[in-house]
Amino acid sequence: MQNEKGITSVLNERRKFKPSPAFSRLAHVKSMQAYKRLCKAAERNPDAFWASLAKEMDWFSPWKTVCDWNPPFAKWFVGGKMNVAHNCIDRHLIGWRKNKAAIIWEGEPGDVRVLTYQDLYREVCICANALKSQGVKKGDRVSIYLPMIPELAITMLACARIGVTHSIIFGGFSAVALCDRINDASAKIVITSDGGYRKGEIVDLKEKVDEAVLKAPSVQRVVVVRRTGIPVAMKEGRDIWWHDLMKGMPDRCKAEALDSEHPLFILYTSGTTGKPKGVVHSTAGYLLGAMMTSRWVFDLKDTDTYWCTADIGWVTGHSYVVYGILANGGTTVMYEGAPTYPTPGRLWEMVDKYHVNIFYTAPTAIRALMKLGDTWPKQSRLSSLRLLGTVGEPINPTAWTWYHKVIGGGRCPIVDTWWQTETGAIMISPLPGATETKPGSATLPIPGIFPEVVDRDGVKAATNTGGYLVIKRPWPSMLRTVWGDPKRYEKQYWSDFPGCYFTGDGARCDQDGYFWVMGRVDDVMNVSGHRLGTMEIESALVSAPAVAEAAVVGKPDEIKGTAIVAFVTLRSGQQPSDALKAALRAHVEKEIGVIARPDDIRFTENLPKTRSGKIMRRLLRDIAVGRETTGDITTLEDYTILAKLRQDED
Ligand code: PRX
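## Things to note about the packing of aromatic side chains
Okay, step 1: Inspection of the entire model under this criterion finds 31 aromatic pairs.
Okay, step 2: An angle of 40° between the planes, with centres 4.8 Å apart, marks the rings of F17 and W400 as tilted. Within this pair, whereas F17 is found in the segment before α1 (21-26), its partner W400 is found in helix α15 (residues 397-407), the two being separated by 383 residues in sequence.
Okay, step 3: A cation over an aromatic ring shows up here: R181 above the ring of F173, its NZ or CZ 4.4 Å from the ring centre.
Okay, step 4: Over the aromatic face of Y514 sits the side chain of K438, whose NZ or CZ is 4.3 Å from the ring centroid.

## Here's the deal with the pairing of strand β1 (residues 65-70)
For a regular strand, the rule is simple: side chains alternate between the two faces of the sheet.
Okay, step 1: Bridge analysis of β1 against strand β2 (residues 73-78) gives 5 bridges, and the strand direction is antiparallel. Opposite W69, over in β2, you have A74 as the bridge partner.
Okay, step 2: Between β1 and β2, which pair antiparallel in sequence order, lie 2 residues.

## So, the site of the ligand
Okay, step 1: The environment of the ligand is made up of 17 residues, and the closest members are D416, T417, T421, D505 and R531.
Okay, step 2: Here E393 contributes a backbone N or O atom positioned 3.4 Å from a nitrogen atom of the ligand.
Okay, step 3: One nitrogen or oxygen atom from the main chain of T417 is found 2.7 Å from a nitrogen atom belonging to the ligand.
Okay, step 4: A total of 540 Å² of accessible area belongs to the ligand in isolation, and the protein chains cover 96% of it.
Okay, step 5: Listing elements by their share of the shell around the ligand, those giving two or more residues are α11 (315-327), β20 (414-417) and β25 (515-520).

## Re the pairing of strand β11 (residues 221-225)
Okay, step 1: Among the 5 residues of β11, 4 are classified as buried, and the element is accordingly described as predominantly covered.
Okay, step 2: The sheet contact formed by strand β8 (residues 189-193) and β11 spans 5 bridges and is parallel. Paired with S193 across the bridge in β11 is V225.
Okay, step 3: When β11 meets strand β12 (residues 239-241), the two strands line up parallel, connected through 3 bridges. Within β12, the residue paired with V223 across the bridge is I240.

## Quick word on the domain arrangement of the protein chain
Okay, step 1: When cut into domains, the protein chain gives domain 1 (21-447 + 459-507) and domain 2 (525-649).
Okay, step 2: Between domain 1 and domain 2, the contact holds 26 residues from the first and 21 residues from the second.
Okay, step 3: Between domain 1 and domain 2, a total of about 1,800 Å² is buried, with carbon and sulfur atoms accounting for 49% of that surface.
Okay, step 4: Taken together, the links from domain 1 to domain 2 amount to 2 salt bridges.
Okay, step 5: In this structure, R531 engages E422 in a salt bridge whose closest nitrogen and oxygen atoms are separated by 2.6 Å.
Okay, step 6: Applying the counting rule to domain 1 against domain 2 returns 13 residue pairs in polar contact (both at pLDDT 80 or more).
Okay, step 7: Secondary structure elements with two or more residues in the side of domain 1 that touches domain 2: α7 (175-185) and α13 (363-371).
Okay, step 8: A class-by-class count of the residues in the side of domain 1 that touches domain 2 yields 8 nonpolar, 12 polar and 6 charged.

## Digging into the layout of surface pockets
Okay, step 1: As a volume, the second largest pocket reaches approximately 680 Å³.
Okay, step 2: Taken together, 28 residues make up the lining of the second largest pocket; nearest its centre are P445, F450, P451, G513 and F515.
Okay, step 3: Of all the secondary-structure elements, those providing two or more residues to the lining of the second largest pocket are α2 (32-44) and β21 (451-454).
Okay, step 4: Looking at the lining of the second largest pocket element by element, the count peaks at 6 residues for α2.
Okay, step 5: Tallied by class, the residues present in the lining of the second largest pocket amount to 15 nonpolar, 4 polar and 9 charged.

## Some remarks on helix α19 (residues 617-625)
Okay, step 1: Turning to α19, its buried residues number three or more, namely R617, L619, L620, D622, I623 and A624.
Okay, step 2: The first or second residue beyond α19 is G626, which carries a positive phi of 75°.

## Topic: the pattern of salt bridges
Okay, step 1: All chains considered together, the criterion is met by 41 salt bridges.
Okay, step 2: Between D510 and K438 there is a salt bridge; the shortest N-O distance is 2.7 Å. Pair noted here: D510 is in the loop between β24 (501-509) and β25 and K438 is in the loop between β20 and β21, with a separation of 72 residues, a long-range link. Here D510 matches K438 in class, with each residue buried.
Okay, step 3: Among the salt bridges present, the one from D512 reaches K438, with a minimum N-O distance of 2.7 Å. On the criterion of sequence distance, the pair formed by D512 in the loop between β24 and β25 and K438 in the loop between β20 and β21 is long-range, its members being 74 residues apart.
Okay, step 4: Taken together, the salt bridges that share partners define one network made up of K16, K438, D510 and D512.

## Observations concerning unusual backbone geometry
Okay, step 1: Following P71, the chain continues into P72 via a peptide bond in cis, with omega recorded as 0°.
Okay, step 2: Note that P72 resides in the loop between β1 and β2.
Okay, step 3: For the bond running from Y341 to P342, omega is -5°, close enough to zero to count as cis.
Okay, step 4: With respect to the helices and strands, P342 occurs in the loop between β17 (331-335) and α12 (346-354).

## Quick look at the sheet that holds strand β19 (residues 387-391)
Okay, step 1: The mixed open sheet is built from 7 strands, whose spatial order is β5-β4-β17-β16-β18-β19-β20. The sheet terminates laterally at β5 (112-116) and β20, the two strands that pair on one side only. Direction aside, the axes of adjacent strands within the sheet are offset by 20° on average.
Okay, step 2: One ladder, built from 4 bridges, connects strand β18 (residues 358-361) with β19; its direction is parallel. Its bridge partner being in β19, Y360 is matched across the sheet by G389.

## Some remarks on the nonpolar core
Okay, step 1: One finds F77, L120, F298 and Y323 to be the most contacted residues of the largest nonpolar core, which totals 129 residues.
Okay, step 2: Apart from residues lying up to four places away in sequence, Y323 is in contact with V84, C88, M156, L157, A160, H166, L264, F265, Y286, L287 and H318.
Okay, step 3: In this structure, M525, V547, V552 and I595 belong to the second largest nonpolar core, which totals 44 residues.

What counts and what doesn't
Residues numbered from 1 in each chain as written. Predicted model: local features only at pLDDT ≥ 70, side-chain atom pairs only at ≥ 80, totals over all residues. Heavy atoms only, no water. Phe/Tyr/Trp six-rings, centres within 6.5 Å; stacked < 30°, edge-to-face > 60°. Helix = DSSP H or I, 4+ residues; strand = E, 2+ residues; numbered from the N terminus. Lys NZ or Arg CZ within 6 Å of the ring centre and 35° of its normal. Pairing = 2+ DSSP bridges. Near = heavy atom within 4 Å. Polar contact = N/O pair within 3.5 Å; in protein donor to acceptor, adjacent residues only side chain to side chain. Areas by Shrake-Rupley, 256 points an atom, 1.4 Å probe, with all protein chains shown as cover. Buried < 20%, exposed > 50% of the residue type's maximum accessible area, 1.4 Å probe, protein only. Domains from an automatic or database assignment. Contact = heavy atoms within 4.5 Å. Buried area = accessible area lost by both parts, 1.4 Å probe. Salt bridge = Lys/Arg side-chain N within 4 Å of Asp/Glu carboxyl O. Nonpolar A, V, L, I, M, F, W, Y, C, P; charged D, E, K, R; others polar. 1 Å grid on protein atoms, 1.4 Å probe; cavity = no way out; pocket = protein on both sides within 12 Å on 5 of 7 lines; lining within 4 Å. Points joined across faces, edges and corners; volume = space filled by probe spheres on them. Axes fitted to C-alpha atoms, helices over the stretch in contact; angles between N-to-C directions. Core = buried A, V, L, I, M, F, W, Y, C linked by side-chain atoms within 4.5 Å.

Shown next as structure tokens:
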């Protein structure tokens, strides 16, 4: 919904929830005054603010400059040397945390593994030595395509230990998507498994790796974790079992002293073009952001059992299943399978079983679980919970209220956290002991973060007027570049509003300075809390021989947030049919993955275009939801197309 210079906002939610005095008393940040003090300190002297926090990490050599800002390229803690794995593990071994659970893992079939910090240290060292034995060294890349099993966390920490940049690819991506990502990063090694469990079935990963690696010449070795025991093909000279590789490896491995700016990982995310972007994150700045926000936002304490349900294949899993939590010496729960298997009570049973205190999930999961009814959560006590979090998309007030009442028993604060793959860490969120919350608002900026809502000219938007969400100053956990494509980094994030980072989101700020994020303003959709570029899906559709042209739009969906609708024109001689629809859906699944499969495909003879030939997706969006076209259509080349599209609808 665009108005002249900004965006029109429609949500009007008025309820407020104050933190309880009992919660605030024990919280890391206890009051609004304390929060404001932190913000002021950061505003007055950002370098001193971040430096004082960074001192909490272990350094092998101190930094010389806190922030070297050469817009749009930032370097943080320049000259310093440190190691992320050392900060997440080794430094906790000196005191009592040595025997504390670092990871509590549960497989979908119900098998359990608990790794103490000491155990994790040992496994990570063995794995790091194993990687070294295969010839990878500091500066190389390793691609990881694993289910949610402990080996995933172990591998990422092992890479961090020896300065290898990891690139984790979510298991829901197809062989084609995997191949693109391996090639973009020129990974030497791929780590996978003989599958993982999901909804009682085995998801085959090794077969996809075999297909991907055929066209990935950089890959010298494929390491395979035995998880399910199903037979898999092992290619002589290329593939090796994880357990064979680890055998006999020493259980000590020096943590490399790495430059603060050393690339810790690459994580691919969708953009407005067909090619995924390899978002690059650093060592020191990234860890500082993940560590501090885990403490401030989740109020993480040594006595907490913390559970984030995200897959580590997404940024939420990187920052808030692994790095941020372990950097604080916390206990993180990791679960392999589907949230509703074998029953919709699975998550709630696990909350009771492990006495989970802090629970972090996505609105799409909350909506799906809410739909299944209150009987499931009511079968568990849920009395251990003290804080709830959400991430990935705006949470609608109905889902917020259900989460608050039915899961949180009305006593747990909810932190609605806004951030992105690119920001590395949470940027806008309540601090639970300080901030009064309003359902549907991510509330206020994290201390040291300076977001603003601006109009198209970059001028601060008036109160309660929709506009574009930008970040005005660099921050330690910001992305450093797009892997191999600094020009794209510059153009994508820093060219729309000079001097500011553009998030791609629309938002408004209310009279209390609270941010209400309204969703994407570019051609990117948010499906189940994951970003998907419409271009990517269109490219996949057009790569099918029957298709001439395709336009993809999002349509509001009760559970997924956004459903994918594809308008497709066929090549001459091709007949529309249900079989072709099914084939095209399967084709997109093969090209990108099951997450990108269109929910609905509509065949049309033509697409509405401007006179200069641009597809008018705005009009297609109206048609997809069956609403009257309201905006300007004077640029439309052929008016009959709209009528035709609507007719097809009936
Ligand atoms: O549109 C915003 C939405 O998710 C986008 C970032 O997606 P991704 O990089 O995949 O990372 C998701 C997890 C950090 C944002 O541009 N988004 C994320 N959190 C929220 C949100 N929208 C509204 N409220 C949120 N809390």
